[in-house]
Structures are given as structure tokens and as C-alpha cells.
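Observations on the three-dimensional arrangement
Given next are the chains, with one letter for each unit.
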Amino acid sequence: MRVLHTADWHLGKTLRGVSLHEDHAHVLDQVFKAVVDEGIEVLLIAGDVYDKASPSEAAMKLYSDFLERVHEQTDAAIVVIAGNHDSGQRLGTASKLFDRRRILVRGPIERDETPLVLEDEHGKIAISALPYGEIYAARRAFEAEDIRSPEDVLRAQIEAARTRVPDDARWIVVAHAFVTNCQPTETERRLSVGTVETVSAAIFEDANYVALGHLHRPQTAGGNTIRYSGSPLAFGFDEAGTTKSMTVFDLDGQGQVINLKTVDFEPLRHVREVKGLLEDLVSEAKANPSEDYIRAILRDDGALIEPAAQLRPHYPNILQTLREKKQDLVMSSAGRAQSRLDDPVGVIGEFLTYVRGEGATEHEEGVVKSVLDRPVLEDAK
């Protein structure tokens, strides 16, 4: 059976205030094309379908139109789970109206972990869809007060799911979690506050393949058959220049994962950084204009006049400009000034360090002190 694994669509997300709706529509077309071109029999969507618990109408339409398209124009089965960004209740609405022989959408966490059971020429394949669930929701669902961490939640789900897998079936698990020793990006929301948020890969013992969501970098998680497909788009500049992909594999009659490969996404607009002196960057932008999402790292030392405005005619989607020295600036954990308020020279020096990457020069300190030493004259009335 041929399977396509994708996750973390985050429909409705913006990048520094700019809508990614067109970008999402572009990559969903590529998911559909992969379903058709690769002869996919099962499509797995491992959580974070939406970026917010209350998605926009445009985001919901994008999702529903995609599901309808796959259902009507292909024979692929579809399995979807809620991630930590989704509202499980919203995602699971009307799921009982779906064709239960082909579609399994799991929203809220539940004690009944009934899998979607499919058959090929070798027998049965059970697909357990384990949605993300908060600790207290899991305690209520499983009537277990000893659930205290994301790993406890997932362990309860796995144990419940394992009891519903037919004895002779191969087993695929779809889950949304942060597996230990995997690499996050700057855009994932924490899964837990005050407890260890990671889970061990050993929790997935006996599963033939584990399709994970939550982390946006494509990667394995303790084994080649426990994998994150990653997100279809780069959602932050720490992912600039990275290649996004979805995962395709076959599950053979013995439950072995074979013919595993990744299918790269081609984004409508890339997320990338440009570095250099402003004058050089403007010249490069004029010669090679682009609609990519761009962050400019400026290597100039002196004052600059509206650098983003100078680049925008050629880079309409320039989203951020930074000074290179500021990139390496180390701030206090609270981000507050360390100088006392009765030390204005120190405060001004820290401000200049934050803005341009270096403190006040000897000349600038002299200017500040000369102004501070002037007598204060009260207005005559």
C-alpha cells in the first residue's frame, strides 16, 4: 500500500503580518498532484491543519475544498488528526458524516482509539489517528489522574489504540508530538508548560510506521520509520533556504517500509536572507527583482535612511531589515537595560548597542555629557 505523509499546514498563517493564503493554495495543489502522480492509496495529515483554533473562512474553505477534491477525484483514503494549533472540536465537526470506509478525522482526544482499517492484497492495515490532547483533557478522557505530561497522554493513547488493532494487521500510527532529540524551529508552539514536553521514540514500539506532526523540519525520530514530514512552507527566517517536502512510502506484506522517498515542494515564494551593504543590496535587487519573502541583513556601520523603503520597489515582500552586529547581540533574559536609571550615559550607551550593535563612541559620550551638564532653565511666567 502506497502512503503519503504530510503535516503542519498551518492554514491561515501569516509571515510577519503577510498572508500566506496564495502560498498555501499553491502547495496544496502539489499535495493533490502527488496523490495522483504517485498512485497514493492513503493520505496522512499529522496535525496543525490550521494555524489557529478559530481559523478564517478562507482557511476553512481551502481545507474543505482540498478534502472534497481528493475524495471525489481519487480513490485515496484520508486520515487527519488535530494538532496543538487546531481546535479539536472544530476539526472533528461533522466527521461522523464522512465516508468511514475512506476517511478518518480525529479532533478531540477520546478513549475510543478505533483505527481506520484498510485492506490490500496482503491483508489488513490499521491506521490509528491520535490527535493532540492537553493533559487535563486526557485525564478526563481516560479517567486517569496520573497523566502529568505529554508523554503520559500519548502513552495512554497508544495503549488504547493497540487494543483495537486486529491481530493480523500491519499498523500505522499518526500522532502530533515532540520526540526527544529532534530539531525544532522558531515557530513551533510549546506543547507543555511546567513539564517535560518531549516524548521518547520507544513509546511507538510495534508500529510499522509512525507519521509525526509538530516539528517543521523533515527528519527521522529515533528510526527511519518514525518520521516528521515537516511543514510544506517555511514559516520563519530560521528556515530560510531550506527545502520542504512530503514523504512517500510503500508498506509491504510483511509490514516493512520500502521505496521511501521525499517529494520536494516548490513554493510560490521562497523565504530567504540577503546580506551586504545597503548600496550593494539595492543594486542586486534592481538587477534581479523578486517577490520572495526577504530579510535583509545590513553590514553598514553608519546611519541609514529607510533601508526597507529603498529595497521595496524591487523586493515588494521584504519583511525585515536588521544590522548584522545586532544579530549577535546578547540581551538580558528580560530584555531590559542593565544600567541604572540615574545613569543616563549608560542607558543611552545600551540603547545604541541595541539599535546599531555597538555602544557610544568617546565623542558621542562627550556630547551626551555636555548636554546633561547644561543648567535647566525654568520657563518664566
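Here the structure is shown first, and the text comes after it.
Residues numbered from 1 in each chain as written. Predicted model: local features only at pLDDT ≥ 70, side-chain atom pairs only at ≥ 80, totals over all residues. Heavy atoms only, no water.

1. Describing unusual backbone geometry
To keep it simple, the criterion reads: Put simply, DSSP H or I for four residues or longer makes a helix, DSSP E for two residues or longer makes a strand, and each gets a number counted from the N terminus. When accessible area is computed with a 1.4 Å probe and restricted to protein chains, residues below 20% of their type maximum are described as buried, those above 50% as exposed, and intermediate ones as partly exposed.
Its identity as a non-glycine residue notwithstanding, Glu-143 has a phi of 50°, on the positive side. Among the secondary structure elements, Glu-143 is positioned in the loop between helix H4 (135-142) and helix H5 (150-162). The exposed category is assigned to Glu-143, whose relative accessible area is 66%. At Asp-206, a residue that is not glycine, the phi angle is positive and equals roughly 85°.

2. Quick look at the environment of Asn-259
Put simply, the rule is: The contact definition used throughout considers only heavy atoms, calling two residues in contact when any of these lie within 4.5 Å. We call two N or O atoms a polar contact when they sit within 3.5 Å, provided that within protein one can donate a hydrogen and the other can accept it, with sequence-adjacent residues counted only if both atoms are side-chain atoms.
Positionally, Asn-259 belongs in strand S16 (residues 257-264). For the pair Asn-259 and Phe-249, spaced ten residues apart in the sequence, the C-alpha separation amounts to 5.4 Å. Not counting the four nearest positions on each side in its chain, Asn-259 is found in contact with Arg-2, Val-248, Phe-249 and Asp-250. Separated by 2.8 Å, the side chains of Asn-259 and Asp-250 make a polar contact.

3. Remarks on the pattern of salt bridges
What counts is decided by this rule: The salt bridge criterion pairs a side-chain nitrogen of Lys or Arg with a carboxyl oxygen of Asp or Glu, the two atoms within 4 Å.
Counted under the stated rule, the structure contains 24 salt bridges. Across the salt bridge formed by Asp-250 and Arg-2, the nearest N and O atoms sit 2.8 Å from each other. Residue Asp-250 is located in strand S15 (residues 245-251), and its partner Arg-2 is located in strand S1 (residues 2-6); the two are separated by 248 residues in the primary sequence. Exposure remark for Arg-2: the relative accessible area of 18% places this residue in the buried category. A salt bridge links Asp-29 to Arg-69; the nearest nitrogen and oxygen atoms lie 2.9 Å apart. In this pair, Asp-29 sits in helix H1 (residues 21-37) while Arg-69 sits in helix H2 (residues 57-73), placing the two residues 40 residues apart along the sequence. Here Arg-69 falls in the partly exposed class, since its relative accessible area comes to 29%. Linked through salt bridges whose partners overlap, the residues forming this network are Arg-2, Glu-38, Asp-250 and Lys-261.

4. A short note on the packing of H1 against H2
Under the convention used in this document: Lines fitted to C-alpha atoms define the axes here, with helix axes fitted over just the stretch in contact, and angles between the N-to-C directions of these axes take values from 0 to 180 degrees. Any angle from 65 to 115 degrees is called roughly perpendicular, while one under 35 is roughly parallel, one over 145 is roughly antiparallel, and all others are oblique. What makes a crossing left-handed is the near helix being turned counterclockwise from the far one by less than a right angle; a clockwise turn instead makes it right-handed.
Look at H1 against H2: their axes get within 11 Å of each other, and the N-to-C directions meet at 15°. Classed by the angle they form, the pair H1 and H2 counts as roughly parallel. As H1 runs across H2, the sense of the crossing is right-handed. Together, His-21, His-24, Ala-25, Leu-28, Asp-29, Val-31 and Phe-32 of H1 and Ala-58, Leu-62, Phe-66, Arg-69, Val-70 and Gln-73 of H2 make up the contact between the two elements.

5. Considering the sheet that holds S16
The criterion, for reference: For two strands to be treated as a pair, DSSP must find at least two bridges joining them.
Spatially, the six strands line up as an open sheet ordered S6-S5-S4-S1-S15-S16, and their pairing is mixed. The sheet is open, and its two borders are formed by strand S6 (103-106) and S16, each paired with just one other strand. Taking each pair of neighbouring strands and ignoring which way they run, the sheet shows an average axis angle of 15°. Sheet analysis places S15 next to S16, joined by six bridges and oriented antiparallel. In the sheet register, Val-248 faces S16, and the bridge partner there is Lys-261. Packed on one face of the sheet, H2 meets strand S4 (42-46), strand S5 (77-81) and S6 and runs near 155° to S5.

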